[in-house]
Amino acid sequence: MQEGVLWQAVLGEIELSVSRASYVTWFKNTHMIKQRDDLVVIGVPNVFIKQQLERKFNDLIAATLEKNGLKPARIEYKIHTVDNGKPAEEESVLAQHTPKSTRSAGSAITHNYRQGLNERYTFDNFIVGSSNELAYAACQAIVAEPGTKYNPLFLYGGVGIGKTHLIQAVGNAVLAKNPDARVVYVSTEQFVQEFVDALRYKKNTDFAGFYRGADVLIVDDVQFLAGKEKIQEEFFHTFNAIHQGNRQIIISSDKPPRDIPTLEERLRSRFVWGMSIDMQNPDFETRCAIIQTKAQNHGIVLPSPVVEYLANLVQTNIRELEGALNQLLAFCEMRDLEPSLAVTTSLLGSVKTRPKHISARQIIERTARHYQIGMEDIMGPKRDKDIVVPRQVAMYILRSELHLSFPKIARELGRKDHTTAIHSVEKIEKESVLDSDIKEAIIKIKERLYV
Ligand code: ADP
Ligand code: MG
């Protein structure tokens, strides 16, 4: 039998056995692409439908195919749009809020498809300390009631401090509670790439509908929207569609919205509509807890001096902290050694080398961030004390770390007069001895630069 005819027969039967809403939502725009003895391929308009057919309706489809004389070893669902001028219809299907299917066709899940999520990121294996407890609590609140309280949630902070882990944990937890939820995790880079492809191959409706139809949309590293006007516009519409539908948006970034360059004002303002949380670098206790827990996961209890040594060795980036730990554990295992302090220092003692290159911009950003002021303030004309001091500290660090000339330092901070730079550097030089706040600030800012 021809694919089209056969599939019509199958659909006809399915229509009788599921609710009207389920049929329209999940089956109406499907078709049969391939029919062989071993394999049947069904074309579906988008990933949600694919997911739903795989998870809930695979048995029903298999049974109905069999009634029509086809018993393939495998049924595949493939995202496939029919070019017969029906994009509007597809979009309206996508725009609907997940109508819960009223009938489940068995429990066999052929393929546990979770869009973009990695199951290894869970709340259970996330260690909570003072630096991340607020973010952790907000994420848990979202799982309890997505789309209500913190919408959007905007998490920002440095590299390797657990942003991706936490926001993915939300997605996994939402799905664990409600397997039908449409949870989409996407890195901004992927979003950008798909957008570009959609334009190039003119499959715009799929792209837009997919993201706009999510119940929980998680967008990682949104700072990569900088300088991409068209994509910011698309993202703006995506954001609105989801927010207006009281569905949940979670965003991560390495900097606060106000510091993302060339971010459209309307997006910037939306990003702070809900809740923004500055995730701090993990403190010493948290770093120790992370090391201890991860070592225990390998069945090893590390002596405290080793834990402390590692926690001091890597101070901000937890990914690097894990790396150092893994290096140590592998070394000890291969040579059948106990991970003593002596072994650890001889192996990792020289690891802490300074990164090759730190830019003036990074120093200024770090300083602004430390004082929780915006780049436009530190670079701008304001003379308030809480702006002037950070600016002077930044100049001091530019001098002490990069050995820049005073005219260059002035220019980096958007100033013409280099005598201000000389004065500032001298002032902070003196104060860093007398004033413990300034001294500590400088240490912290440098730590973040170098680790
Ligand atoms: P970011 O997205 O902020 O750059 P990630 O979420 O990718 O950082 O975290 C880097 C690594 O550190 C991941 O392997 C993650 O599982 C781990 N990690 C980060 N924070 C924690 C934490 N609090 N507890 C346990 N593991 C963590
Ligand atoms: Mg990340």
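Residues numbered from 1 in each chain as written. Chains lettered and ligands numbered in written order. Predicted model: local features only at pLDDT ≥ 70, side-chain atom pairs only at ≥ 80, totals over all residues. Heavy atoms only, no water.

Moving on, we get to the overall build of the protein. For the protein, the count of helices and strands is 20 helices and eight strands. Counting over 451 residues, the protein shows a buried share of 51%. Accessible area of the protein: about 21,700 Å², with a carbon and sulfur share of 52%. (Helix = DSSP H or I, 4+ residues; strand = E, 2+ residues; numbered from the N terminus. Buried < 20%, exposed > 50% of the residue type's maximum accessible area, 1.4 Å probe, protein only. Areas by Shrake-Rupley, 256 points an atom, 1.4 Å probe, with all protein chains shown as cover.)

A separate point is the site of ligand 1. Around ligand 1, a shell composed of 19 residues is seen, among which Ile127, Gly160, Thr164, His165 and Arg319 lie nearest. Separating a nitrogen atom of ligand 1 from a side-chain N or O atom of Asn132 is a distance of 3.4 Å. In the model, an oxygen atom of ligand 1 is placed 3.1 Å from a nitrogen or oxygen of the Gly162 main chain. For ligand 1, the accessible surface in isolation is 560 Å², of which the surrounding protein chains cover 96%. Those elements giving two or more residues to the shell around ligand 1 turn out to be helix H6 (163-177), helix H11 (284-297) and helix H13 (318-335). Partitioning the shell around ligand 1 into residue classes produces seven nonpolar, seven polar and five charged. Among the domains, domain 2 (91-278) and domain 3 (284-353) are the pair contributing at least three residues each to the shell around ligand 1. (Near = heavy atom within 4 Å. Polar contact = N/O pair within 3.5 Å; in protein donor to acceptor, adjacent residues only side chain to side chain. Nonpolar A, V, L, I, M, F, W, Y, C, P; charged D, E, K, R; others polar. Domains from an automatic or database assignment.)

A few words on the confidence of the model for the protein. Low pLDDT means the predicted coordinates in that region are not meant to be read closely. For the protein, mean pLDDT is 85; residues scoring 70 or higher make up 89% of the total. Confidence, read as mean pLDDT per element, is least for helix H4 (residues 87-95) in the protein (32) and greatest for strand E7 (residues 248-253) (98). Across residues 83-114 the pLDDT falls below 50, and counting only partners more than four positions away or on other chains, this stretch makes 72 contacts in the model. Within the model, the stretch residues 351-356 combines pLDDT values under 50 with six contacts to residues more than four positions away or in other chains. (pLDDT = per-residue confidence, 0-100. Contact = heavy atoms within 4.5 Å.)

So, about unusual backbone geometry. Cis geometry is found at the peptide bond from Asn151 to Pro152, where omega equals 0 degrees. Position of Pro152 among the secondary structure elements: in the loop between helix H5 (133-144) and strand E4 (153-156). Located in the positive-phi region is His403, a residue other than glycine, with phi close to 55 degrees. Looking at the element boundaries, His403 is found in the loop between helix H17 (385-402) and helix H18 (406-412). For His403, a relative accessible area of 65% translates into the label exposed.

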